[in-house]
Amino acid sequence: MTGLPYMLIREAALWRGRTIALYGGSFNPAHKGHRRVARECLRQLHADAVWFLVSPGNPQKTNDSMAAFKKRVDSVEQLTRHHPRMMATDIEERLGTRYSADTVLALKKAMPFTNFIWVMGADNLASFHTWRHWREIARALPIAVFDRPGYALSGLASPFARCFQRFRTTPQRLKTTQSPAWAFVTMPRHPASATQARQLLGEEWLSGIERKEN
């Protein structure tokens, strides 16, 4: 992992005492379902901002259908351009991190007086125990798990949910609860998915050709 970028040091004072929801993912591409989750982070978790951590390369996913990193960052920026409290960030690319645990450690080191909440979907909760240093992530910062169709039961029965069962709290209390802490967040479901978006965009997405709005 490379040294901490100056940007983090410079912004540490700006975000001192504030709460940032860290929403990691491939965003291949970003879609309205992602934006709805971000809105609920602001509304239910009372976060001051949502940072979309665009992954340079997910260790648990193949690159066969993965668009270029810049194109995925651009898709988040287009999605959030009218929302000043939602921000696309390439911080993992600049940090040189590929694992969430390393990203979390670097952010907490650079911004020790900022409160972070990790955001994930229930589909990731079901497999969270396969992530590198997953227990360390859970102990480092609160986790908000957003419901996804078809994954609630498997997520809530996962090794993580069983291991940290007594640390479960409500979404509203997550911001002020000391880690480890996690909450299961429900919201009106959105039909959009990255897979469906890629199917609609077809080769235009992977080839880097920008798709014009109708």
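Just so it is clear, the model here is predicted, and its values are computed rather than measured. (Residues numbered from 1 in each chain as written. Predicted model: local features only at pLDDT ≥ 70, side-chain atom pairs only at ≥ 80, totals over all residues. Heavy atoms only, no water.)

Okay, the pairing of strand β2 (residues 49–54) next. β2 sits mainly inside the fold: 6 of its 6 residues count as buried. Where burial is concerned, the two faces of β2 agree: the one with Ala-49, Trp-51 and Leu-53 and the one with Val-50, Phe-52 and Val-54 are both buried. In the sheet, β2 pairs with strand β3 (residues 86–89) via 4 bridges, with the strands oriented parallel. For Trp-51, the partnering residue across the bridge sits in β3 and is Met-87. (Buried < 20%, exposed > 50% of the residue type's maximum accessible area, 1.4 Å probe, protein only. Helix = DSSP H or I, 4+ residues; strand = E, 2+ residues; numbered from the N terminus. Pairing = 2+ DSSP bridges.)

Attention shifts here to the pattern of salt bridges. Overall, the coordinates contain 6 salt bridges when judged by the stated rule. Asp-74 is paired through a salt bridge with Lys-70; the nearest N and O atoms lie 3.0 Å apart. Placement of both Asp-74 and Lys-70 in helix α3 (residues 69–80) is noted, with a separation of 4 residues, approximately one turn of the helix. Since its relative accessible area comes to 23%, Asp-74 is described here as partly exposed. By relative accessible area, Lys-70 is classed as exposed at 58%. The salt bridge involving Asp-123 is made with Arg-148; its shortest N-O contact spans 2.7 Å. Taken together, the residues span a long stretch of sequence, with Asp-123 in helix α6 (residues 122–126) and Arg-148 in the loop between β5 (143–146) and α8 (152–156) at a distance of 25 residues. The partly exposed category is assigned to Arg-148, whose relative accessible area is 34%. (Salt bridge = Lys/Arg side-chain N within 4 Å of Asp/Glu carboxyl O.)

Another aspect to go through is the environment of Gly-96. Take Gly-96: it is sitting in the loop between α4 (91–95) and α5 (100–110). Under the relative-accessibility criterion, Gly-96 is labelled partly exposed at 38%. Taking the C-alpha atoms as reference points, Gly-96 and Pro-56, 40 residues apart in sequence, are found 8.8 Å from one another.

Once that is clear, we can look at the environment of Leu-156. Note that Leu-156 resides in helix α8. Of the residues examined, Leu-156 reaches a relative accessible area of 32% and is grouped as partly exposed. Sequence separation between Leu-156 and Ala-122 is 34 residues; the distance between their C-alpha atoms is 8.1 Å. Beyond its immediate stretch of four places on either side in the chain, Leu-156 contacts Leu-125, Ala-161, Arg-168, Trp-182 and Phe-184. (Contact = heavy atoms within 4.5 Å.)

Read these as spatial facts, not as claims about activity.
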